[in-house]
Amino acid sequence: MSAHSQRRIEASAEQALLEAIDRWVEREVRPVVMHHDHNDIWPAELVEQMKEMGLFGATIGQEYEGLGLPATTYAKIIATISSYWMAITGIVNSHLIMAAAVERFGTEDQKQKWLPKFASGEIRGGLALTEPDAGTDLQAIRTTAVRDGDDYIINGTKTWITNGIQGSCFAVLVKTDPKAEPRYNGMSFFVCPKGPGFSVGKKFDKLGYKAIDSAELVFENYRVPAANLIGGKEGQGFFQATGGLELGRINVAARGVGLAEGSLRLATAYAQVRKTMGKPIAQHQAIQLKLGEMVTRAEAARLLVTNAAEAYDRGERCDMEAGMAKYFASEAAVRNSEEAMRIFGGYSYSKEYEIERFYRDALLMCIGEGTNEMQRMIIAKQWLKRNPA
């Protein structure tokens, strides 16, 4: 088979998958999103449907029973869903970053044990990095793991963990050598299923990102087998955790694209039916200026995400590309949702209209998976490395 024929088959398969996602969003997601968002209710039925569609194994290799989708296709799926409801994509994102850590850095035994169950959604979970005093500065974490025979004993607290309540297993970043210098040399990553000594603290009541559980995880003399140390060697956790963030940032960027496009879609429709001074407001120059900027931002964000996803699929280091995509797309989401609020006018403040949810959800994209301030620093540092004087 020629390369051209192979690409045509892949494009056709991708199109069929995206059309299936479109139908699912229209049939199952749109009718229930406002109910779940306004009442902060976990979308159990949608999660089961995502399991059936294989989304919990979207980027997991086919050899481990996942779909094996390239990041480019995965980003399109996330953007499509996020253009109607961003929050549910977080359930998949955090889970797949955990899976990526095992797939990229785990031993073959670990891959065989965990990845098929991650792919099927039998075991769902996420990433446990952030602590009360350690967010962007991961090296400041205080959770420790001390070797005890064939086990490690973990103590500490993680916070703002997506899937914290509903998830059953987490990739947990710890200090195995708190005195190591530099600090990252003392960090390790473990696959930690819930069990004795692993409890869930408070669920956070959030401005946006509703219906998705963000919670505190507490480890009190939690015993985990040494076989669950990702890669089987201490001191690799920092790089394993940050390596997975490239996929996470591409996901957040794709969510930003979805929010930017969804805000544009709602504003475009409203501007053509709302009339002032005898004509639709879309015919007023002030509104056209807003729409022109909104569509340009959304398209630019989409192109940056595609660029980052393609670099990821080629196996290249793409922290700069992922950082640019995450930074720009998240800011595009915030700006487009704000402009859409202005186009809707007073109605934007009513929960009867969806646009207020887009505004609340968009703000998180600038903070999650590394703040945009940090993204700009990463972009600059990588740019200078690639362009030495």
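The structure we're discussing is the one just above.
This structure is a prediction, so every number in the text was calculated from the model and none was measured.

Visitor: What is the right way to look at the overall build of the chain in this model?
Guide: Within the chain, the regular secondary structure consists of 11 helices and nine strands. The C-alpha atoms of the chain give 21 Å as radius of gyration, which agrees with the globular expectation for 389 residues (21 Å, within 12%). Considering only contacts in the chain between residues 6 or more positions apart, those separated by 24 or more positions represent 75%. Accessible area for the chain stands at about 17,400 Å²; split by element, carbon and sulfur atoms hold 52% of it. Considering the chain, the positive charge centre built from 46 side chains and the negative charge centre built from 48 side chains are found 4 Å apart.

Visitor: I tried to follow the environment of Pro 225 on my own but got confused; where do I start?
Guide: Mapped onto the fold, Pro 225 is located in strand 7 (residues 214–225). Judged by its relative accessible area of 37%, Pro 225 falls in the partly exposed class.

Visitor: Is there a simple way to think about the pattern of salt bridges in this case?
Guide: Between side chains of opposite charge, a pair can form when the charged atoms approach closely. Under the counting rule described, the total for this entry stands at 23 salt bridges. A salt bridge links Arg 335 to Glu 339; its shortest N-O distance comes to 3.7 Å. In this pair, Arg 335 and Glu 339 are both assigned in helix 9 (residues 319–344), four residues apart and thus about one turn of the helix distant. Taking relative accessible area as the criterion, Arg 335 reaches 38% and is therefore assigned partly exposed. A residue is classified by how much of its surface remains accessible, and Glu 339, at 6% relative accessible area, is buried. Glu 339 serves as the salt-bridge partner of Arg 342, at 3.9 Å between the closest nitrogen and oxygen. In this pair, Arg 342 and Glu 339 both sit in helix 9, three residues apart, roughly one turn of the helix.

Visitor: Is there a simple way to explain the layout of surface pockets in this structure?
Guide: Regions of empty space are outlined by a rolling probe, equal in size to a water molecule, passed over the atoms. The volume enclosed by the largest pocket comes to roughly 1,400 Å³. Residue lining of the largest pocket: 45 residues in total, with Arg 249, Ile 367, Gly 368, Glu 369 and Gly 370 positioned closest to the centre. Looking at the lining of the largest pocket, the elements that each hand over two or more residues are helix 5 (87–105), strand 3 (151–162), helix 7 (237–273), helix 10 (355–365) and helix 11 (372–386). Counting residues per element, the lining of the largest pocket draws most heavily on helix 7, which supplies eight residues. Looking at the lining of the largest pocket, its residues break down into 18 nonpolar, 16 polar and 11 charged. Here the second largest pocket is characterised by a volume of approximately 330 Å³. Taken together, 19 residues make up the lining of the second largest pocket; nearest its centre are Thr 59, Leu 69, Glu 103, Tyr 312 and Asp 313. Contributing elements (two or more residues each) for the lining of the second largest pocket: helix 5, helix 7 and helix 8 (285–313). Split into classes, the residues belonging to the lining of the second largest pocket amount to nine nonpolar, four polar and six charged.

Visitor: Quick question: what am I supposed to make of the packing of helix 3 (residues 44–53) against helix 5 here?
Guide: For any two helices packed against each other, one specifies the inter-axial angle together with the distance between the axes. At a minimum axis distance of 11 Å, the contact between helix 3 and helix 5 shows a crossing angle of 50°. Comparing the axis directions of helix 3 and helix 5 gives the class oblique. Viewed along their axes, helix 3 and helix 5 form a crossing whose handedness is right-handed. Counting all contacts with helix 3, which are made through Leu 46, Val 47 and Met 50, the residues of helix 5 involved are Ile 88, Ile 91 and Val 92. Class assignment of the residues belonging to the contact of helix 3 with helix 5 gives a composition of six nonpolar, no polar and no charged.

Visitor: Is there a simple way to think about the packing of aromatic side chains in this case?
Guide: All chains considered together, the criterion is met by 14 aromatic pairs. Relative to Phe 198, the ring of Phe 170 has its centre 6.1 Å away and its plane inclined at 55°; by these criteria the two rings are tilted. Of this pair, Phe 170 sits in strand 4 (residues 169–175) while Phe 198 sits in strand 6 (residues 198–203), and the two are 28 residues apart along the sequence. Using a relative accessible area of 8% as the deciding quantity, one classes Phe 198 as buried. Ring geometry for Tyr 347 versus Tyr 353: centroids 5.3 Å apart, planes at 40°, classification tilted. Among the aromatic residues, those joined into a cluster by ring pairs are Phe 170, Phe 198, Phe 219 and Tyr 222. Arg 124 extends its terminal NZ or CZ atom over the ring of Phe 56, reaching a point 5.7 Å from the ring centre. Positioned over the ring face of Tyr 84 is Arg 265, at 3.9 Å from the centre of the ring.

What counts and how
Residues numbered from 1 in each chain as written. Predicted model: local features only at pLDDT ≥ 70, side-chain atom pairs only at ≥ 80, totals over all residues. Heavy atoms only, no water. Helix = DSSP H or I, 4+ residues; strand = E, 2+ residues; numbered from the N terminus. Rg over C-alpha atoms; globule rule 2.2 N^0.38 Å. Contact = heavy atoms within 4.5 Å. Areas by Shrake-Rupley, 256 points an atom, 1.4 Å probe, with all protein chains shown as cover. Lys, Arg positive; Asp, Glu negative; His and termini not counted. Charge placed at Lys NZ, Arg CZ, Asp CG, Glu CD. Buried < 20%, exposed > 50% of the residue type's maximum accessible area, 1.4 Å probe, protein only. Salt bridge = Lys/Arg side-chain N within 4 Å of Asp/Glu carboxyl O. 1 Å grid on protein atoms, 1.4 Å probe; cavity = no way out; pocket = protein on both sides within 12 Å on 5 of 7 lines; lining within 4 Å. Points joined across faces, edges and corners; volume = space filled by probe spheres on them. Nonpolar A, V, L, I, M, F, W, Y, C, P; charged D, E, K, R; others polar. Axes fitted to C-alpha atoms, helices over the stretch in contact; angles between N-to-C directions. Parallel < 35°, antiparallel > 145°, perpendicular 65-115°, else oblique. Left-handed = near helix turned anticlockwise from the far one by under 90°. Phe/Tyr/Trp six-rings, centres within 6.5 Å; stacked < 30°, edge-to-face > 60°. Lys NZ or Arg CZ within 6 Å of the ring centre and 35° of its normal.

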